[in-house]
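Notes for the structure review
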Amino acid sequence: MTAVAYGLLAGIAFGAISVGMMLPLQFADKRAALLGAFLNRFAIGLLIPLVNVGVAGWLIGLGLGVLLSLPDAIITKTFAPILGVGAVGGTIIGLLGSHFVVA
């Protein structure tokens, strides 16, 4: 699978999973919160397979997952769940990408 195809698939899946986890929660503007979370997680999934800096895929995923989740965590002051989901999801996407993406 190409890096772009895998990134699109991973981004949509990670975004959908994140939105699903947030559905039972209450927000002042739920639509904006869900859309923002989906787009953030989609970006993480899309970018991880496209970055090639010569380190293990899981490490790229972990780094990008945390880095791209940090602005949302700072804005909402909800660090543990946002950074945790970004780190775990990014690591999984990077690990799987190193096995399924053909260079």
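Just so it is clear, the structure is predicted and the values come from calculations on it, not from any experiment.

**Section: the packing of aromatic side chains**
Scanning all chains against the criterion turns up 1 aromatic pair. Aromatic side chains F38 and F42 sit 6.1 Å apart centroid to centroid with 15° between the ring planes, which places their arrangement in the stacked category. Placement of the pair is F38 and F42 together in helix α2 (residues 30-47), with a separation of 4 residues, close to one helical turn.

**Quick look at the packing of helix α1 (residues 3-22) against helix α4 (residues 79-100)**
Orientation of α1 relative to α4, taken along the N-to-C sense of each, is 150°, at an axis distance of 11 Å. In terms of orientation, α1 lies roughly antiparallel with respect to α4. For the crossing formed where α1 meets α4, the hand is right-handed. Mapping the contact onto sequence places Y6, A10, F14, S18 and M21 in α1 and V85, G86, G89, G90, I92, I93, L96 and G97 in α4.

**Describing the nonpolar core**
One finds Y6, A10, F14, I44, I48, I60, L64 and I93 forming the largest nonpolar core, which totals 8 residues. A total of 3 residues in this core trace back to one element, the largest contributor, which is α1. Every residue in contact with I60, bar those within four places of it in the chain, is listed here: I48, V51, V53 and V55.

**Regarding α2**
Its 18 residues place the ends of α2 26 Å apart at the C-alpha level, agreeing with the 26 Å of an ideal helix rising 1.5 Å per residue. Those residues of α2 lying buried are L34, A37, N40, R41, F42, I44 and G45.

**Quick notes on the side chain of N40**
Turning to its location among the elements, N40 is positioned in helix α2. Setting aside anything within four residues of it in sequence, one finds N40 in contact with L68, S69 and D72.

**Examining a nonpolar patch on the surface**
The grouping of V4, L8, L47, L50, V51, V53, V55, W58, L59 and L95 at the surface amounts to a nonpolar patch, some 820 Å² of accessible area in total. Those elements that provide at least two residues to the nonpolar patch are α1 and α3 (57-76). Mapped onto the elements of the fold, V51 is located in the loop between α2 and α3.

Rules used in this analysis
- What you see as residue numbers is a count from 1 along each chain, following the sequence as written.
- Reporting of local features is limited, given that this is a predicted model, to residues whose pLDDT is at least 70; pairs of side-chain atoms are given and counted only at 80 or more, and all residues count toward the totals for whole chains, interfaces and linings.
- Side-chain descriptors were evaluated using all non-hydrogen atoms of the structure, hydrogens and water having been removed beforehand.
- Two rings from Phe, Tyr or Trp (for Trp, the six-membered ring) form a pair when their centres are within 6.5 Å of each other. A pair whose planes differ by under 30 degrees is stacked, one over 60 is edge-to-face, and the rest are tilted.
- The secondary structure listing takes helices from DSSP runs of H or I that are at least 4 residues long and strands from runs of E that are at least 2 residues long, numbered from the N terminus.
- For helices, the fitted line uses only the C-alpha atoms of the stretch in contact; every axis is such a line through C-alpha atoms, and the angle between N-to-C directions lies from 0 to 180 degrees.
- Geometric relationships in this document are graded by angle, where less than 35 degrees denotes roughly parallel, more than 145 denotes roughly antiparallel, 65 to 115 denotes roughly perpendicular, and other angles denote oblique.
- When the near helix sits turned anticlockwise from the far one by under a right angle, the crossing is termed left-handed; a clockwise turn instead gives a right-handed crossing.
- By the convention used here, residues are in contact when the closest approach between their heavy atoms is within 4.5 Å.
- Throughout this description, the term nonpolar core refers to a set of buried Ala, Val, Leu, Ile, Met, Phe, Trp, Tyr and Cys residues connected via side-chain atoms within 4.5 Å.
- Exposed residues in this analysis have more than 50% of their type's maximum accessible area, buried residues have under 20%, and partly exposed residues fall in between, with area computed by a 1.4 Å probe over protein chains only.
- Multiplying one less than the number of residues by 1.5 Å gives the expected span of a helix.
- Patch definition: residues with relative accessible area over 30% and no salt bridge; like charges joined within 9 Å; nonpolar side chains (Val, Leu, Ile, Met, Phe, Trp, Tyr) joined within 5 Å.
- Every accessible area reported is derived by Shrake-Rupley at a probe size of 1.4 Å, with residue values counting cover from the shown protein chains alone.
- The term salt bridge refers to a side-chain nitrogen of Lys or Arg lying within 4 Å of a carboxyl oxygen of Asp or Glu.

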